Amino acid sequence: MKDDDLNITRLKGELRVENGRYRLLVENKSNSTHIDSDTLSTALQKLGIKTTLEQTTSVASSNTFVLHLHEPSNGLVEVQPTRTLISSSDKVLASRIFEAVDSLMSDNQRLSSL
């Protein structure tokens, strides 16, 4: 294993890689893991990642949406109440997206514990 193939991050949930897709499965115990499309899109744009929103569904505090990534390379982020799917052939881009999602979730956890 090469050093550049290893990433270590603290999570409350489970990160899976299946068929080149990163899946973050959030623990049921987490209280405030809600990420809205505007917040995530803004966070990604600050990282230089251009996105477009495909769909958004809000049903009884359940928010589901898909963000398509266009630059610096293609991919998508699908957010559901119990999981976040990051799909990109670019490992660096997928890692940056994961860090943004993890940061937003951590911020939500801090705010909910106040």
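The preceding data block contains the structure.
Residues numbered from 1 in each chain as written. Predicted model: local features only at pLDDT ≥ 70, side-chain atom pairs only at ≥ 80, totals over all residues. Heavy atoms only, no water.

**Some remarks on the overall build of the protein chain**
Per the secondary structure count, the protein chain includes two helices and six strands. In the protein chain, the succession of helices and strands from N to C terminus is β-β-α-β-β-β-β-α. Here the protein chain, with 114 residues, has 35% of them falling under the buried criterion. Taking the contacts inside the protein chain whose residues are at least 6 apart along the sequence as the reference set, 45% of them involve residues at least 24 apart. Of the roughly 7,500 Å² of accessible surface on the protein chain, a fraction of 47% belongs to carbon and sulfur atoms. (Helix = DSSP H or I, 4+ residues; strand = E, 2+ residues; numbered from the N terminus. Buried < 20%, exposed > 50% of the residue type's maximum accessible area, 1.4 Å probe, protein only. Contact = heavy atoms within 4.5 Å. Areas by Shrake-Rupley, 256 points an atom, 1.4 Å probe, with all protein chains shown as cover.)

**Re the pairing of strand β6 (residues 83-88)**
Most of β6 sits inside the fold, with six of its six residues counted as buried. Sheet analysis places strand β5 (residues 75-80) next to β6, joined by six bridges and oriented antiparallel. When the bridges of β6 are listed, Leu76 appears paired with Ser87. Turn length for the β5-β6 hairpin, with the two strands adjacent in sequence and antiparallel, is two residues. (Pairing = 2+ DSSP bridges.)

**Observations concerning the nonpolar core**
If you look at the biggest cluster of nonpolar residues, it comprises 20 residues, and the most contacted ones within it are Leu40, Leu44, Leu69, Val77, Ile97 and Val101. Among the elements that line this core, the one with the most residues is helix α2 (residues 91-113), at eight residues. Non-local contacts of Val101, meaning those with residues more than four positions away in its chain, are made with Leu24, Ile35, Leu40 and Thr84. (Core = buried A, V, L, I, M, F, W, Y, C linked by side-chain atoms within 4.5 Å.)

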